[in-house]
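# Architecture and fold: a report
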Amino acid sequence: SLSAGLDLPGRFLFAILTLMTLIAILVFIEEAVYIYRKIPSSKRSIIIWINAAAPVISTTSCIGMWVPRSTMFTDFTAGVFFAIVIHKFLMMMIKECGGQKVLLRRFENGHFTITTGPCCCCCLCLPRVPITRQTLFWLKLGTFQFAVFRPVLVFLSIVLWTNGNYVLYNVSPKGPALWISCFIGALTLCALWAVGIMFRKVRILLKCKNIIPKFALYQFIVILNHLQTTIINIFATQKIIPCAPPLSSTARGSYIAQQLLIMEMFLITVISRVVYRRKYHDLEPPECMAEEPGDKKQTP
C-alpha cells in the first residue's frame, strides 16, 4: 500500500497536506454559509461556485496523492469544474455591474478593447468593438463553450483511456492525447480571452467591489492549475525530474504537482475568504451617476 511505502517524513508530509485540505474545505463551508445568508440571491450561487474552485482542486489533488491510480480522474474532475468557474466569473462581473441591461446603459457608447491576453495582446491593429447586446452574447459564448465542450472532451478521453487508446503522456501525432490536449488548449485560450476583455472594461467601475484582487486570485488558479502542472508533467516526461523507486519519473512529477497544488489552493482559499467577505457598497444606477452634485443636494 501507499502508506506502507512511505518513511516517517513522507507520512508526516502526507498528514500535513491532508490536514490543509480538510481546513480548506471547512473554510469554504463556513464561507458558503455566510454568502448564503448575506449575499443577494441573484449573486449567491455564482460567488459560491467561484469560491469553491480552490477547495475542489485541493480535494482532487489530495485524493490523487493518496490514490495514484485515480490521478487521471481527479485531474479531469478539477479541469471540468474550473471550466464552469471561468464562465461563472464572467457572469459575476456582469452581475456586479447591475446585470446585462444596466451594463449596456452604463457603457452605451463604449467599446471593448480586444487586444488583450492571452490571444491578441500583440495584435494592436485590431479595431475596438462597440458594446452591444450581440458583443456581450459572443463574450458569454466564449466562456460557455468551454464549460460545455471541456466535459465532453474529458468524457471522450476517459472512454479512450479505458479502451487503452489514450495515454496521457504520449505526445505522438498518431495518438489522440496530443490532439485532444491541443483542442482543449484552444478552447481554454478563447474562454480566458473573453474574461480578459470584460475585465479590462469593468475594472475601474468595479474597483470598489475589489474586482482586481478577485481577478488576481482567479488568474493564480488558472496559472497554477494549468501552466504549472503542464510544465511539471513535461519535465517528468523528459526525465528532468529523476525517478525515485518505487516511483517513476511521471509518477513523481504527478506527486510534486499535486502536493504543490494542495498548499497553493489552501492559501488561495484563505485569501478568497478575506477578499469576498468584505462588505461593498452597491453601484449607483447610471441615471444617478449622470446627475450633477447640485441636483443631488436638492433631492429630498
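Because the structure is a prediction, the values reported are computed rather than measured.

## Here's the deal with the nonpolar core
Formed by 64 residues in total, the largest nonpolar core has its most connected members in Phe-89, Met-93, Met-198 and Tyr-218. A total of 14 residues in this core trace back to one element, the largest contributor, which is helix 3 (residues 71-96). Within the second largest apolar cluster, nine residues are counted, among which are Leu-17, Met-20, Ile-262 and Phe-266.

## Let's talk about the packing of aromatic side chains
Overall, the coordinates contain ten aromatic pairs when judged by the stated rule. On the basis of an interplanar angle of 25 degrees and a centroid distance of 6.3 Å, the ring pair of Phe-82 and Tyr-218 is categorised as stacked. Taken together, the residues span a long stretch of sequence, with Phe-82 in helix 3 and Tyr-218 in helix 7 (residues 211-237) at a distance of 136 residues. One exposure class covers both Phe-82 and Tyr-218, and it is buried.

## Quick look at the UniProt feature "transmembrane region" (unreviewed entry) in the protein
Mapped onto the present numbering, the UniProt feature "transmembrane region" (unreviewed entry) falls on residues 12-34, 46-67, 73-91, 137-161, 176-195, 215-236 and 256-276. Overall, residues 46-67 shows 95% helix and 0% strand. The separation of its end C-alpha atoms is 31 Å. Secondary structure content for residues 137-161 is 100% helix and 0% strand, and the end C-alpha separation is 36 Å.

## Focus on helix 5 (residues 133-162)
End to end, helix 5 covers 44 Å across 30 residues, agreeing with the expected 44 Å (1.5 Å per residue, within 8%). Looking at the buried positions of helix 5, the neighbouring elements they touch are helix 3, helix 4 (100-106), strand 1 (111-112), strand 2 (129-130), helix 6 (176-202) and helix 7.

## Examining the confidence of the model for the protein
Residues at a pLDDT of 70 or more form 84% of the protein, whose mean pLDDT is 81. No element of the protein has a lower mean pLDDT than helix 10 (residues 293-298), which averages 41, and none a higher one than helix 1 (residues 8-38), which averages 90. For residues 288-300, every residue scores under 50 in pLDDT, and the model assigns this stretch five contacts once sequence neighbours within four places are set aside.

## A look at the pattern of salt bridges
Two side chains carrying opposite charge are able to pair once their charged atoms lie near each other. What the rule picks out here adds up to four salt bridges. One salt bridge in this structure joins Glu-96 and Lys-43, with 3.1 Å as the shortest N-O distance. Of this pair, Glu-96 sits in helix 3 while Lys-43 sits in helix 2 (residues 41-66), and the two are 53 residues apart along the sequence. Lys-43 carries the same exposure label as Glu-96, and that label is buried. The salt bridge involving Lys-214 is made with Glu-96; its shortest N-O contact spans 3.8 Å. Taken together, the residues span a long stretch of sequence, with Lys-214 in helix 7 and Glu-96 in helix 3 at a distance of 118 residues. An identical accessibility class is assigned to Lys-214 and Glu-96; each is buried. Here the salt bridges share partners, and the residues they tie into one network are Lys-43, Glu-96, Lys-209 and Lys-214.

## Regarding the packing of helix 5 against helix 6
Describing two packed helices takes the angle between their axes plus the distance from one axis to the other. Following both chains from N to C, one finds helix 5 and helix 6 inclined at 160 degrees, their axes separated by 9 Å at the closest point. For the element pair helix 5 / helix 6, the angle class is roughly antiparallel. Between helix 5 and helix 6 the crossing geometry is left-handed. From helix 5, Leu-136, Leu-139, Gly-142, Thr-143, Gln-145, Phe-146, Phe-149, Arg-150, Leu-153, Leu-156, Ser-157 and Leu-160 reach across to helix 6, where they touch Pro-176, Ile-180, Phe-183, Ile-184, Leu-187, Thr-188, Cys-190, Ala-191, Ala-194, Val-195, Ile-197 and Met-198. Taken together, the residues that form the contact of helix 5 with helix 6 break down as 18 nonpolar, five polar and one charged.

Cut-offs and rules
Residues numbered from 1 in each chain as written. Predicted model: local features only at pLDDT ≥ 70, side-chain atom pairs only at ≥ 80, totals over all residues. Heavy atoms only, no water. Core = buried A, V, L, I, M, F, W, Y, C linked by side-chain atoms within 4.5 Å. Buried < 20%, exposed > 50% of the residue type's maximum accessible area, 1.4 Å probe, protein only. Helix = DSSP H or I, 4+ residues; strand = E, 2+ residues; numbered from the N terminus. Phe/Tyr/Trp six-rings, centres within 6.5 Å; stacked < 30°, edge-to-face > 60°. UniProt positions renumbered as here; feature names shortened; annotations may be inferred. Expected span 1.5 Å × (residues − 1). Contact = heavy atoms within 4.5 Å. pLDDT = per-residue confidence, 0-100. Salt bridge = Lys/Arg side-chain N within 4 Å of Asp/Glu carboxyl O. Axes fitted to C-alpha atoms, helices over the stretch in contact; angles between N-to-C directions. Parallel < 35°, antiparallel > 145°, perpendicular 65-115°, else oblique. Left-handed = near helix turned anticlockwise from the far one by under 90°. Nonpolar A, V, L, I, M, F, W, Y, C, P; charged D, E, K, R; others polar.

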